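Here's the letter readout for the chains.
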Amino acid sequence: MPEPNANWDEITAVVRENFLPGYEQNVFEGNFLLNELAKKKKTYDGGSKIEERLVYGTHTSNWMAEFGQRFGDGTPENTRIMTVAEYEPVTAQADVVISLKDDASVRGAGKMLDLIEAKLENAKESMQQFFSEHILGEGSTNVANSCNSMYDLIEVDDATVGGIDASAVGNTWWKSQNLLAGNDAGNGNALFALTGDDAYTLDKLSDPTSEWTIRKVLAKIDSMCKFGVKTPDLYVVPQNIWDCYEQYLTEKQALEQNQMGFDGFDVLKFRSNAKVIADPNAQDGKILALNTNYLKLRPHQDFDFVMGDFEKVSGYNARSADLTWIGNVTCNNRRTQGIVTGMPTS
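Residues numbered from 1 in each chain as written. Predicted model: local features only at pLDDT ≥ 70, side-chain atom pairs only at ≥ 80, totals over all residues. Heavy atoms only, no water.

**Some details on the overall build of the protein**
Broken down by element type, the protein carries 10 helices and 14 strands. The long-range fraction of contacts in the protein, counting pairs at least 24 apart against all pairs at least 6 apart in sequence, stands at 71%. Working note: accessible area of the protein is about 17,000 Å², and carbon and sulfur atoms make up 46% of it. (Helix = DSSP H or I, 4+ residues; strand = E, 2+ residues; numbered from the N terminus. Contact = heavy atoms within 4.5 Å. Areas by Shrake-Rupley, 256 points an atom, 1.4 Å probe, with all protein chains shown as cover.)

Have a look at this one:
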């Protein structure tokens, strides 16, 4: 074991070998959505863009389309206009700082490494907060150098995402599904129209005698997002809507579902395979219907929570090592993703 305060290269090597393996899991395990995406992560090999191969299944013939063959609509596969979405990589960093006071007061290799481990734990908390807030926050549209939020990727059905304009002629296959739970005008994409003094309130979501139950809302967006036999496998909701769904279920159903065990998270189920989770960063009045088969966590292969060397900080009596993650969250099939807006908040 190296002597502290003497050979920082050796200290850094020991930290990388002993503390960094599994660090990503520790960062993402505090958020159910991130934890699910991390299970299916796929690294990219660098470059100015993250290329995501699209999955949209528009051909209608019963045979498999190979390169150079024709789709059911008569268009050669190798002349398709859009086959790749391109996403901007972003950088998340946290500093592991050892002050001169730390360096002078800590004696013994074990104590120095204990101190660095605690600093890494603090960095983990910072990273955890960064990703948890941004994956469901305002997103890259409004926050500089933020990873894509689910709302960036899904909320506006005809938005430009991954460099593809879903509002352009012929690009309807790239539109996400958008359901308005209720409105006064009875809009075409509304689940039902509210008229007169009707008010869509939280109590109606959990009342099994109501025609506006949470189950009806989930069933509608579920069918809109269906792709072949695949439907959304994760619903992300604010806490008040999750509570309503728990109330809607019978006491026995709710108890059985919460006893199934999901890494310490409170999780309810919808139909056979979908999980319903509450997230403190979920936006009020909205339900995200996600098919995580087509959402990807794409870290850079060389910057997936890597730590630089401990170097002197100019102008300060300290050494600092950067903990760095580069990548983004991507989608390769927007039509399988949906959002419900207009849900009650009180």
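**Here's the deal with the sheet that holds strand β8 (residues 267-270)**
Pairing is mixed across the open sheet formed by six strands, whose spatial order is β6-β14-β10-β7-β9-β8. Strands at the two margins of the open sheet, each flanked by one partner only, are β6 (177-180) and β8. Strand-to-strand, the axes of this sheet are offset by a mean angle of 20°, without reference to chain direction. As paired elements, strand β7 (residues 234-237) and strand β10 (residues 287-290) share three bridges and run antiparallel to each other. When the sheet's bridge partners are listed, Y235 is paired in β10 with A289. Sitting on the sheet, helix α3 (residues 32-39) is in contact with β7, β8, β9 (274-278) and β10, with an inclination near 140° to β9. Most of the contacts of helix α8 (residues 214-224) go to β6, to which it runs at about 155°, and overall it touches β6, β7, β8, β9, β10 and β14 (338-341). (Pairing = 2+ DSSP bridges. Axes fitted to C-alpha atoms, helices over the stretch in contact; angles between N-to-C directions.)

**Some details on the packing of aromatic side chains**
With the rule as written, the count across this model stands at 11 aromatic pairs. When the centroid spacing of 5.0 Å and the interplanar angle of 85° are considered together, the rings of F131 and W325 count as edge-to-face. Placement of F131 in helix α5 (residues 109-135) and of W325 in strand β13 (residues 318-331) is noted, with a sequence separation of 194 residues between them. There is no split in this pair, since F131 and W325 are both buried. Members of the aromatic cluster, connected to one another through ring pairs, are Y23, F28, F130, F131, F305 and W325. (Phe/Tyr/Trp six-rings, centres within 6.5 Å; stacked < 30°, edge-to-face > 60°. Buried < 20%, exposed > 50% of the residue type's maximum accessible area, 1.4 Å probe, protein only.)

**Some words on the nonpolar core**
Nonpolar side chains in soluble globular proteins generally cluster together in the buried interior. Among the nonpolar cores identified, the biggest contains 66 residues, and L120, F131, M150, L153, W174, L288 and L290 are the most heavily contacted of them. The greatest single-element share of this core, amounting to nine residues, is contributed by α5. Non-local contacts of F131, meaning those with residues more than four positions away in its chain, are made with V27, F28, L34, A92, C147, F305 and W325. Within the second largest apolar cluster, 26 residues are counted, among which are W212, I221, W242 and L249. (Core = buried A, V, L, I, M, F, W, Y, C linked by side-chain atoms within 4.5 Å.)

**Structural notes on helix α9 (residues 239-248)**
By the burial criterion, the buried members of α9 are I241, W242, C244 and Y245. For α9, the angular spread of buried residues about the axis comes to 160°, placing them on one side. (Arc of directions from axis to C-beta.)

**Observations regarding the pattern of salt bridges**
With the rule as written, the count across this model stands at 10 salt bridges. Residue E52 pairs with R298 through a salt bridge whose shortest N-O separation is 2.9 Å. Of this pair, E52 sits in strand β1 (residues 50-53) while R298 sits in strand β11 (residues 295-307), placing them 246 residues apart in sequence. For the pair shown, E52 and R298 are each scored as buried. A salt bridge links E155 to K286; the nearest nitrogen and oxygen atoms lie 2.6 Å apart. Residue E155 is located in the loop between α6 (150-154) and β4 (160-161), and its partner K286 is located in the loop between β9 and β10; the two are separated by 131 residues in the primary sequence. Taken together, the shared-partner salt bridges connect E24, K41 and D304 into one network. (Salt bridge = Lys/Arg side-chain N within 4 Å of Asp/Glu carboxyl O.)

**Some points on the packing of α8 against α9**
With their axes 9 Å apart at the nearest point, α8 and α9 run at an angle of 110° to one another. It follows from the interaxial angle that α8 and α9 lie roughly perpendicular. For the pair α8 and α9, contact is made by I214, R215 and L218 and by I241, Y245 and Y248, respectively. (Parallel < 35°, antiparallel > 145°, perpendicular 65-115°, else oblique.)

**Some details on α8**
Taken together, the buried positions of α8 are I214, V217, L218, I221 and D222. Burial along α8 is one-sided: seen end-on, the buried residues are contained in an arc of 130°.

**Looking at the pairing of β7**
In β7, alternate side chains face the same way, and those of L234 and V236 on one face and Y235 and V237 on the other are all buried. Of the pairings in the sheet, the one linking β7 to β9 comprises four bridges and is parallel in character. When the bridges of β9 are listed, Y235 appears paired with V276.

**With respect to a negative patch on the surface**
Negative charge collects at one region of the surface, where D45, E51, E86 and D302 lie side by side. As for its position among the elements, E51 is in strand β1. (Patch = residues over 30% accessible without salt bridge, like charges linked within 9 Å, V, L, I, M, F, W, Y side chains within 5 Å. Lys, Arg positive; Asp, Glu negative; His and termini not counted. Charge placed at Lys NZ, Arg CZ, Asp CG, Glu CD.)

**Quick word on the environment of Y245**
Within the secondary structure layout, Y245 lies in helix α9. By relative accessible area, Y245 is classed as buried at 1%. Leaving out residues up to four positions away in the same chain, Y245 has contacts with I214, R215, L218, L268, K269, F270 and V276. From its side chain, Y245 meets the backbone oxygen of K269 in a polar contact 2.7 Å long. (Polar contact = N/O pair within 3.5 Å; in protein donor to acceptor, adjacent residues only side chain to side chain.)

**Description of the side chain of N148**
When you line up the elements, N148 lands in the loop between α5 and α6. The exposure class assigned to N148 is buried, which follows from its relative accessible area of 9%. Engagement of the side chain of N148 in a polar contact is seen with the backbone oxygen of V329, the distance being 2.9 Å.

Note that every value here comes from positions in space, so none of it alone points to a role or purpose.
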